[in-house]
Amino acid sequence: MIMEELNILPIYRNGIGEITNGIDITVPQFCRKNCESDKCRMHYNKMCKADEGLYECPFGFSSYVFEIENENCIFTCLRVEKSYKREKLLPKLKDMGKQYKEITYSNLENYAKAYKEYWYNQRKYEQHRDLINDILHDVRKYNQQLKIKNEKIFRASQEKKSLAKFNDLSKGISVLSWYLTLRLNNYDFVYNEELMKADVPSSYNLYGIIYKVKHCIKEKADEKSIDIIMEANRQCRDIEAYDCIELLPFLLVDNAIKYSPNNEIININIEEKAKQQYVQIKSLGPAVSDNELLQLFNQGYRGEGAKQVTTDGMGIGLYTAKCICDLNGIQISINSSKNVKKTINKVRYSEFCVDFWKEL
């Protein structure tokens, strides 16, 4: 949690054992000399686990603990009005004179509130930037492939190739174009959910959508040597849904690839029963606790195992999938097996299933 742009007050950096100057108040020389001492280390170790509130350090300075995303932040080396012993502290500040001012508890709370707001805004900006960069990467890559296929069509027309050749190239262009639309829609739906229901529902075939997703995302799966196996009834009936339904299987399969170890298999099963269409996407992923499972559909939430596997995640995939399901009258559920299949780099992996179904 490093945000030097808005360190209004001195802040202790958990994990690197140092105190950074604030914009408004700098770290006293006394604290710089002693922050590596056993007394200070013991104090900050306690503060990293302490409840929110004001505490006194062994040398008489105030430390204020507040929490951001389950991690303690610590404003420290402070003189908080009416909360310190002047006779104990002032001798340690002789070199600073009047530079080292007192602050009120009310101001301290306001500083912490401002820091939290800045942190969350910074995080949203970084997530937004990462999503844009990810989409632009795919747009450039697949646009290049579109150009290559168009050039092949032109050459094939000059060489009077067979109709089958043109059909193959045309199908390739159609799939790439559809995939680019999905990636752009992903951005739109994340930042403007109203766009999900901008159009009237129309007929879609889940088998056809998932088949296209499988081929669109194959290159990403190949990078990790992951096989996508699809078992389905080709005769699945069409369903009435909004355009965003095409994004649903893409989000779920993309998630499965992202969190799966290399050389694994993603199984997709599509069934149609008497009055229900049912889809299951099964893969190996970081083990998820029961408490985490309850939160995975929450916007911005990521399980601890997922964070260990990759920082490339915003906690919006399952959230957006749930929004799409709710809009289209689709039920969705997730389950993580208690049976750990393997452990890689201290991350435990188990079978992760996403099921969604629609009544016909």
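Residues numbered from 1 in each chain as written. Predicted model: local features only at pLDDT ≥ 70, side-chain atom pairs only at ≥ 80, totals over all residues. Heavy atoms only, no water.

1. Here we look at the overall build of the chain
Then comes step 1: Scanning the chain from terminus to terminus reveals 11 helices and 12 strands.
Then comes step 2: On C-alpha atoms alone, the chain measures out to a radius of gyration of 27 Å, which is more than a quarter above the 21 Å that the 2.2 N^0.38 rule sets for 360 residues.
Then comes step 3: Projected onto its principal axes, the C-alpha coordinates of the chain cover approximately 90 × 50 × 40 Å.
Then comes step 4: Evaluated residue by residue, the chain yields a buried proportion of 44% over its 360 residues.
Then comes step 5: Contacts in the chain between residues far apart in sequence, at least 24 positions, make up 66% of those at least 6 positions apart.
Then comes step 6: In the structure as shown, the chain presents an accessible area of about 19700 Å², 47% of it carried by carbon and sulfur atoms.
Then comes step 7: For the chain, the distance from the average position of its 53 positive side-chain charges to the average position of its 50 negative side-chain charges is 3 Å. (Helix = DSSP H or I, 4+ residues; strand = E, 2+ residues; numbered from the N terminus. Rg over C-alpha atoms; globule rule 2.2 N^0.38 Å. Buried < 20%, exposed > 50% of the residue type's maximum accessible area, 1.4 Å probe, protein only. Contact = heavy atoms within 4.5 Å. Areas by Shrake-Rupley, 256 points an atom, 1.4 Å probe, with all protein chains shown as cover. Lys, Arg positive; Asp, Glu negative; His and termini not counted. Charge placed at Lys NZ, Arg CZ, Asp CG, Glu CD.)

2. Re the pairing of strand β9 (residues 265–273)
Then comes step 1: Relative to β9, strand β7 (residues 227–232) runs parallel, the two sharing 6 bridges. Residue Asp 227 lies in a different strand from β9, and its bridge partner there is Ile 265.
Then comes step 2: Of the pairings in the sheet, the one linking β9 to strand β10 (residues 276–286) comprises 7 bridges and is antiparallel in character. For Glu 272, the partnering residue across the bridge sits in β10 and is Gln 277.
Then comes step 3: Between β9 and β10, which pair antiparallel one after the other, the connecting turn spans 2 residues. (Pairing = 2+ DSSP bridges.)

3. Points about the environment of Val 354
Then comes step 1: Looking at the secondary structure, you find Val 354 in strand β12 (residues 347–359).
Then comes step 2: For Val 354, a relative accessible area of 5% gives the class buried.
Then comes step 3: Residues Val 354 and Ile 332, spaced 22 residues apart in sequence, show a C-alpha to C-alpha distance of 7.2 Å.
Then comes step 4: Excluding residues that lie within four positions of it along the chain, Val 354 makes contacts with Leu 252, Val 279, Gln 280, Ile 281, Ile 332, Ser 333 and Ile 334.

4. Topic: the sheet that holds β10
Then comes step 1: Pairing is mixed across the open sheet formed by 5 strands, whose spatial order is β7-β9-β10-β12-β11. Of all the strands in the sheet, just β7 and β11 (331–344) have a single pairing partner and so form its edges. Neighbour-to-neighbour, the strand axes of the sheet open up by a mean angle of 15°, direction not taken into account. (Axes fitted to C-alpha atoms, helices over the stretch in contact; angles between N-to-C directions.)

So far we have only geometry, and geometry alone does not tell us how the molecule works.
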